[in-house]
Each structure stands twice: as structure tokens, then as C-alpha cells.
Amino acid sequence: MSEQLKFIVEQLNKEPFKKSFNLITFDTLEPMQLLQILNDVLAEIDPKQALDIREEMPEQTVKRMCALLGMLKYKPPGNLSDVSSFRQGLVTGNKPVIHPILHWLLQRVPELKKRAYLARFLVKLEVPAEFLQDDAEVNKRYHKECEQLRTSGFSTAEIRRDISAMEEEKDQLIKRVERLKKRVESVSNHQRMLEQARQLRVEKEREESLTHQKQEQKNQLFQAEQRLLRSQQQLKDMRQAATDANPESLMKRLEEEIKVNSYMVSEKLPKELEGMRRTVHYLQKVALEPAMGEADLQELEDKIKEADSQINHLIEKRMMRNDPMDDNLTLYRQQASIIIRRKESKAEQLQEAREELAAAERELRQRSSQAQGSDGEEVIRGDELKRLLVKLRGKGTVYKKKRQEIAELKAEYGVLQRTEEILKQRHETVQQKLQTMEAEKGISGYSNTQEELERVSAMKSELDEKKGRTLDDMSEMVKKLNSMIVEKKSALAPIIKELRSLRQRCQELSQEYEEKKAQYESCAAGLESNRSKLEQEVKALREETAQKENRYHYINSMSEMQMRRAAEEMKAYVSSDPQERKKAIREVYMKNISEQELLGKKLREEQKMVRDSHSANMEQMKMWCDLEQLMECKRQCFIKAQSQVSIGQVIQEGGEDRLVL
């Protein structure tokens with residue numbers, strides 16, 4: 001496999017592919033990238049295959065590649081002879097499928113080019129069956145697809161708008177890039193700075209890709225370890241299942257399955273089939289008969305009642321006969337019918353269980369396909385599920401054994417607990433007797449002191465042993481650590497030596513970078529200040545230009561209006577039509593002037609008349625004022641006279657008024 005990868009990498013790095021792969025980068029390629037490389041190799045053989053697989057459906061890509069590989073007479077390896085697994089490997093970009101194809105293609109590129117060129121003229125064209133159908137069916141199908149596309153909400157106008165917006169953004173970005181280029185060109189040594197920035201970006205991208213590859217390799221390692229653990233566990237379970245199984249149990253289970261299946265085939269299923277046929281016959285008979293009215297239904301009900309009465313009468317006759325032989329046979333018949341019913345019920349339960357098992361297996365296959373399509377990880381297959389069931393059964397038996405052992409241990413624990421209580425009671429009695437004897441002898445507390453001394457000596461010996469073991473362990477650990485340190489130092493010595501030179505190089509580059517950065521910042525600050533000044537000047541000039549443009553447009557529009565009015569006035573003035581001349585402004589103004597002159601003449605005449613009659617009018621006005629005062633005085637006097645009736649009486653005689661008290 002390693003030689004195969006080396007050959008593929010070497011050929012891809014050469015003309016005409018010019019890839020820059022090594023074994024690690026090629027081995028860590030994504031499935032989509034691997035498929036694109038395979039498509040590029042196929043495009044070198046057949047130029048019609050030059051496509052971007054991201055713009056093509058996976059089914060179409062696999063179909064196209066399989067067709068070309070079949071044309072080139074490629075045969076998969078022995079472990080991939082299944083067509084479905086080969087297609088699935090192509091869809092998912094599986095390395096064990098793609099690598100052999102690349103190896104086979106790159107070994108014989110010139111020969112395959114010639115074969116692909118000649119195969120176009122030698123392949124027999126097959127007319128698809130869909131083009132051989134009736135035109136009406138084809139038109140219906142095309143019409144249905146057209147309606148679905150119309151109602152799917154797919155709008156070409158929106159796509160055109162998006163494309164136009166993208167083109168505008170592209171133009172803006174191009175202009176912005178050009179402006180930035182012009183600004184950068186004025187800076188000294190800008191090419192070297194751009195090259196360093198480009199190298200920095202490339203190194204950062206490379207660092208990110210290496211980090212990503214490292215994470216992917218960790219994930220792959222973890223998944224491989226998990227698969228290894230699962231495989232080891234499955235192997236262990238299979239070995240346990242093989243040790244527990246024996247030929248007698250397998251034969252017994254197979255015989256039971258054969259009996260059940262023979263009963264299902266010979267008795268249950270024929271009865272059900274006959275019942276279904278009878279039901280279908282009755283239903284067909286009912287469907288073929290004409291519609292029945294109420295009279296026909298009543299007649300059928302009467303016949304049913306008559307048949308029920310006859311059956312009841314026969315049953316009564318049979319019961320009255322009471323033959324002892326029939327009674328014995330009845331008992332056996334009842335037992336046989338009970339056994340048959342039980343057998344049928346168990347068969348029905350078995351059938352339901354099988355249907356549930358089939359439904360569960362279908363659901364399992366569906367879930368497995370969904371899980372493979374979404375995550376691409378392995379799922380439990382049927383054989384693995386059976387092995388898990390065997391494992392669960394084994395664990396169940398182990399669990400039962402352990403539970404029985406726990407029950408026995410609990411019983412033994414109870415016995416031991418009771419024994420401990422009895423021994424404690426005996427120990428207490430012995431201690432009491434010992435204390436009384438020590439008190440009688442005058443050595444109270446001797447036993448306790450002795451026990452304490454023994455316990456302390458035992459603890460001291462244990463501590464001494466622990467200290468000795470600890471010192472030995474520590475000395476061994478120190479030796480191991482020293483040996484490990486020496487090994488690590490010897491292993492790290494060339495790396496440290498290389499690291500020193502790299503550190504020195506890094507310091508030089510960082511110092512140079514700081515200098516270039518300071519130069520760049522100073523240059524950028526100067527350019528920024530110049531740019532801000534220029535932007536302010538441009539802004540002021542733009543505002544002034546806008547004001548001048550507004551003033552110019554206003555004057556231009558006013559002059560156009562005046563010229564238009566002057567042209568209309570001139571046209572009306574020189575016109576021979578009197579109505580048109582009356583519309584002229586000059587005529588209107590002349591008319592207004594004549595009217596105002598007549599009005600002024602009339603007002604002057606009125607003014608002259610007013611001047612002539614002014615003195616007489618003033619005198620008359622004075623007389624009217626006197627008359628008004630006189631009348632006001634009379635009104636006041638009359639009011640007073642009305643209020644002073646009780647004081648006196650006013651008598652008017654000869655134009656005189658006299659007050660009589």
C-alpha cells in the first residue's frame with residue numbers, strides 16, 4: 001500500500017498535473033478532494049470529463065465515472081467485486097476504492113488516452129426506453145415537470161438581480177484594489193513587504209491546515225481504537241458463544257423451528273388462505289348481485305332465524321339422547337379443540353412476533369442507511385445484533401448466577417453476623433471474668449496494657465516495612481527517572497541544537513519585522529494624514545462645486561423662462577389677430593394704464609367737488625353736531641323730569657317749560 005501511495009504521489013507531482021503533494025497531505029485529503037483528483041486524472045484521459053464535481057450531483061458523478069471506467073475496462077480488486085459496494089465507495093470517496101483506481105490509471109495514461117479516443121466510435125448506442133414510449137405520455141411527463149418547476153418558487157429574475165449585484169460588488173472590489181495598489185506603489189520597497197505579507201498568510205494557512213489535519217488524525221485514531229475495542233469485544237463474545245453452544249442444543253433448536261414451520265405451512269397458512277378465498281368469493285358474489293331492498297333483507301333475516309331455530313332444535317335432540325359414548329367423545333373433542341385453539345393462538349403469536357421482527361429489521365435497515373448517509377459512521381448490522389443478543393443472553397445467565405451467589409452470600413452473611421454477636425457476647429463475659437480475676441490478684445488493667453503494647457509493636461513493624469518498601473520504590477523510581485532523563489536528553493540534543501539556530505533566525509526575523517513594521521507605521525501615518533487633508537479639501541471643493549452648480553442651474557432656468565416669455569410676448573405683439581394681441585402683456589398693461597388714468601381723472605374731479613363744498617359741508621356738520629347736543633340735553637332733561645314727578649310738575653306753555661312745586 002505504501003508503494004502504491006508513493007507511485008500515485010510521484011505521478012501527480014509530475015506533468016501534466018503539477019500537484020505539490022507528499023504522503024501525509026495526500027493521505028489526509030478529504031473525500032471530495034480525492035474525488036476531484038480522480039476526476040482530473042480522468043479528464044486528462046478524456047477531456048469531456050473536465051468538470052467540477054461540486055457543480056454535479058453525486059449520482060451523476062458516479063454514473064459518469066463508472067461508465068468511463070467500464071469503457072477503459074477497469075476491473076476492481078478482489079475485495080471490491082460487488083458493484084453496489086464499489087459504487088458506494090465512489091460516492092463516499094472511500095480511499096480503498098479510489099487509490100487502486102488512481103494507481104491503475106496513472107500506470108497506463110497514454111494507452112488509456114488512445115482507448116478513450118477510439119471507444120467513442122466503437123461504443124454501441126442504446127436508445128433509452130423512455131424515448132420509445134408514446135409521445136402523449138412523454139408530453140404529459142414534461143408538462144408535469146414544467147408545472148412543478150413553475151410552482152417551486154424558483155425565480156430567474158431573483159437570480160439575475162443577484163448576479164447583477166455580485167457584478168457590481170466585483171467592480172467595486174476591483175476599483176478598491178486598484179486604489180490600494182496606487183497608494184502602495186508610492187511606498188518604497190513595497191514589493192518586498194507584499195511578498196513577506198503573502199508568505200505570512202501562506203504560513204498561517206499552512207498552520208491552520210496542519211492543525212486541522214492533526215485534529216482529523218486524532219479523531220481517526222480515536223475511531224480506529226473504538227473499532228478495535230468493538231472488534232475485540234465481538235471476538236470475545238463469539239468465542240464465549242462458541243464455547244457455550246453444543247451440537248445437541250443446535251439440533252434441538254433446529255428441530256423445533258422445523259416443526260413450527262411445517263405446522264405453519266401445512267395447517268395454519270392453508271386454513272387462512274382458504275378462509276380468505278371464501279371471503280373473497282362471498283364478497284364477489286355480493287358485489288355481482290343486484291341492489292337489495294328492505295323486503296329482501298327481511299326475507300334473509302327470516303331465513304337466518306329459521307336456520308338458528310333448526311340448529312337449536314337439533315342441539316336439544318342431541319342432548320336428550322345422552323349417549324355415554326358420545327359423552328366420552330365429546331370430552332376428547334373438547335380437549336382436542338382446546339389444544340387446536342391453543343396451537344392456533346400460539347401460531348398467531350409467532351406470526352405476529354415474526355412480523356414485528358421483520359418490521360424491526362426494516363426499521364433497523366432504514367435507520368442504518370440514514371445514519372450512514374448523515375454521519376458516515378458504522379452501525380450495528382444483523383450479525384452484530386445477533387452477537388449482541390447472544391452476549392446479552394450470556395450476561396443474563398451470568399447475572400442470574402451472580403444474583404444466586406449474592407443471595408447465598410447474604411445468607412452466609414446473616415449466619416456470620418449471628419456468630420459474631422455470639423462471639424462478642426462470649427468475649428464480653430470472658431473480659432468480665434478476666435477483670436474480676438485481675439482485681440482479685442491486684443493487677444487490674446494488665447490485659448489492656450498487654451494488648452496495647454502488642455498493638456503498638458505491630459503498628460511499628462508495619463510502619464518499618466512500609467518505610468523500607470517506600471524507600472526501595474523511591475530509589476527504583478529515581479533510577480527510572482534518571483534513565484528516562486538521559487534518554488530524553490540524548491533524543492532532544494539534535495532538536496535543541498536545531499532549535500537554537502531557529503531561535504537565532506527567529507530573533508533576526510523578528511527584529512527585521514519590527515523595523516519594517518515601524519517604517520510601515522510611520523509611512524502609513526504620513527499617508528493617512530495626507531489622505532485626511534486631501535479628503536477635507538476634496539469635500540470643501542465638492543460642496544463649493546455643488547453650490548455653484550445649483551446657482552448655475554437656477555440662473556439658467558430663470559433665463560430660459562424669461563426668454564420663453566419674451567418670445568411669446570413678441571409673437572403675440574406682432575400677430576395680426578386682435579384676440580392674440582389682446583393676450584399680449586403690453587396690451588394688458590396699456591389697458592390697465594388707461595383704466596388707471598380714467599380712475600385718477602374721476603378722483604380728481606371728485607376731489608375738486610369736495611374742496612368746493614368743504615366749507616358749506618363743515619358748517620352743516622357743525623349744525624348737525626349742535627342739534628345732536630341739543631337733542632341729547634332734552635333727553636337728559638326728560639329723564640330727570642320722569643324721575644322727579646313727586647317734587648314738582650313741569651308745565652309746557654308757549655314753548656316754555658315751567659316747574660311748579
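Residues numbered from 1 in each chain as written. Predicted model: local features only at pLDDT ≥ 70, side-chain atom pairs only at ≥ 80, totals over all residues. Heavy atoms only, no water.

For clarity, the cut-off: UniProt positions are given in the numbering used here, feature names are shortened, and annotations may be inferred rather than shown by experiment.
The name recorded for the protein in an unreviewed UniProt entry is Intraflagellar transport protein 81 homolog, from Amphiprion percula. Looking at the protein in UniProt, the text filed under Sequence similarities (unreviewed entry) is "Belongs to the IFT81 family." According to the UniProt record, the Subcellular location (unreviewed entry) comment for the protein is "Cytoplasm, Cytoskeleton, Cilium basal body".

1. Section: the overall build of the protein
Let me state the cut-off plainly: Each helix is a run of H or I in the DSSP string that is no shorter than four residues. Each strand is a run of E no shorter than two, and both are numbered from the N terminus. Only protein chains enter the accessibility calculation, which uses a 1.4 Å probe; a residue whose area is less than 20% of its type maximum is buried, one above 50% is exposed, and one in between is partly exposed. Using the Shrake-Rupley algorithm and a 1.4 Å probe, accessible areas are obtained, with residue cover drawn only from the displayed protein chains.
Looking only at helices and strands, the protein features 18 helices and 2 strands. Here the protein holds 661 residues, and the buried ones make up 11% of them. Counting only carbon and sulfur atoms, one obtains 57% of the accessible surface of the protein, whose full area is about 56,900 Å².

2. Points about the pattern of salt bridges
We count it as follows: Every case where a carboxyl oxygen of Asp or Glu lies within 4 Å of a side-chain nitrogen of Lys or Arg is listed as a salt bridge.
Taken as a whole, this structure holds 9 salt bridges when the rule is applied. With a shortest N-O distance of 3.0 Å, K113 and E44 are connected by a salt bridge. With a gap of 69 residues between them, K113 in helix α7 (residues 109-122) and E44 in helix α3 (residues 31-45) connect regions that are remote in the sequence. The class for K113 is partly exposed, based on a relative accessible area of 33%. E44 gets classed as partly exposed once you look at its relative accessible area, which sits at 27%. The salt bridge involving E535 is made with R531; its shortest N-O contact spans 2.2 Å.

3. Some thoughts on the side chain of H103
Put simply, the rule is: Residue contacts follow a heavy-atom distance rule, with two residues in contact if any of their heavy atoms lie within 4.5 Å.
Following the sequence through the fold, H103 ends up in helix α6 (residues 95-107). Classification of H103 by relative accessible area gives buried; the value is 19%. Each residue touching H103, except ones within four places of it in the same chain, is listed here: Q4, F7 and I8.

4. Comments concerning helix α1 (residues 2-13)
To keep it simple, the criterion reads: Expected span of a helix, by definition, is 1.5 Å for each gap between consecutive residues, and there is one gap fewer than residues. Directions from the helix axis toward the C-beta atoms define the arc.
For α1, which comprises 12 residues, the first-to-last C-alpha distance of 17 Å matches the rise-based estimate of 16 Å (1.5 Å per residue) to within 8%. Turning to α1, its buried residues are Q4, L5, I8, V9 and L12. Along the axis of α1, the buried residues cluster in a sector spanning 130°; they form a single face. Buried positions along α1 lie against α2 (23-27), α3 and α6.

5. Notes on a positive patch on the surface
Let me state the cut-off plainly: Candidate patch residues must exceed 30% relative accessible area and have no salt bridge, after which like charges are joined if within 9 Å and Val, Leu, Ile, Met, Phe, Trp or Tyr side chains if within 5 Å. Positive charges come from Lys and Arg, negative ones from Asp and Glu, while His and the chain ends are left out of the count. To locate a charge, take NZ of a lysine, CZ of an arginine, CG of an aspartate or CD of a glutamate.
Side chains of K175, R176, R179 and R183 sit close together on the surface and give a patch of like positive charge. In this structure R176 comes out as exposed when scored by relative accessible area, which is 52%.

6. What to know about the packing of aromatic side chains
What counts is decided by this rule: To pair, rings of Phe, Tyr and Trp, with the six-membered ring standing in for Trp, must have centres within 6.5 Å; the planes then decide the type, stacked if under 30 degrees apart, edge-to-face if over 60, and tilted in the middle.
Under the criterion given, the structure shown has 3 aromatic pairs. Geometrically, the ring pair formed by Y74 and F86 is tilted, given 6.4 Å between the ring centres and 35° between the ring planes. Here Y74, found in the loop between α4 (58-71) and α5 (83-92), pairs with F86, found in helix α5; they are 12 residues apart in sequence, far enough to count as distant. An aromatic cluster is defined as three or more aromatic residues linked by ring pairs; in this entry it consists of Y74, F86 and W104.

7. Focus on α6
Between its first and last C-alpha atoms α6 spans 18 Å; for 13 residues at 1.5 Å apiece the expected length is 18 Å, and the two agree. Of all 13 residues making up α6, 10 are buried, and the element is well covered by its neighbours. Buried within α6 we find V97, I98, H99, P100, I101, L102, H103, W104, L105 and L106.

8. Points about unusual backbone geometry
Residue K73 is not a glycine yet carries a positive backbone phi of 65°. Along the chain, K73 turns up in the loop between α4 and α5. For K73, a relative accessible area of 63% gives the class exposed.

9. Describing the nonpolar core
Just so we agree on the cut-off: We define a nonpolar core as any set of buried Ala, Val, Leu, Ile, Met, Phe, Trp, Tyr and Cys residues linked to one another through side-chain atoms lying within 4.5 Å.
In this structure, L12, F26, L38, L90, I101 and L105 are the most contacted members of the largest nonpolar core, which totals 34 residues. Elements with a contribution of two residues or more to this core: α1, α3, α4, α5, α6 and α7.

10. Remarks on the packing of α5 against α6
We apply this condition: Axis geometry follows a simple rule: fit a line to the C-alpha atoms, using only the stretch in contact for helices, then measure angles between N-to-C directions, giving values from 0 to 180 degrees. Here the angle decides the label: under 35 degrees means roughly parallel, over 145 means roughly antiparallel, 65 to 115 means roughly perpendicular, and every other value means oblique. Note on residue classes: Ala, Val, Leu, Ile, Met, Phe, Trp, Tyr, Cys and Pro are nonpolar, Asp, Glu, Lys and Arg are charged, and everything else, Gly too, is polar.
Direction vectors running N to C along α5 and α6 enclose 90°, while the axes themselves pass 8 Å from each other. Here α6 runs roughly perpendicular to α5, going by the angle between their axes. In contact with F86, G89 and L90 of α5, α6 contributes V97, I98 and I101. Residues belonging to the contact of α5 with α6 are distributed by class as follows: 5 nonpolar, 1 polar and no charged.

11. Topic: a negative patch on the surface
Taken together, the side chains of D296, E299, E301, D302 and E306 make up a negatively charged region of the molecular surface. Looking at E299, the relative accessible area reads 43%, which means it is partly exposed.

12. What about the packing of α4 against α5?
A pair of packed helices is characterised by two quantities: the angle between their axes and the separation of those axes. Rules: Helix crossings get a hand from a simple test, with the near helix turned counterclockwise from the far one by less than a right angle marking a left-handed crossing and a clockwise turn marking a right-handed one.
For the pair α4 and α5, the least separation of the axes is 10 Å and the interaxial angle reads 125°. Of the possible angle classes, the one that applies to α4 and α5 is oblique. As α4 runs across α5, the sense of the crossing is right-handed. Counting all contacts with α4, which are made through V62, C66 and L69, the residues of α5 involved are F86, R87, L90 and V91. Counted by class, the contact of α4 with α5 contains 6 nonpolar, no polar and 1 charged residues.

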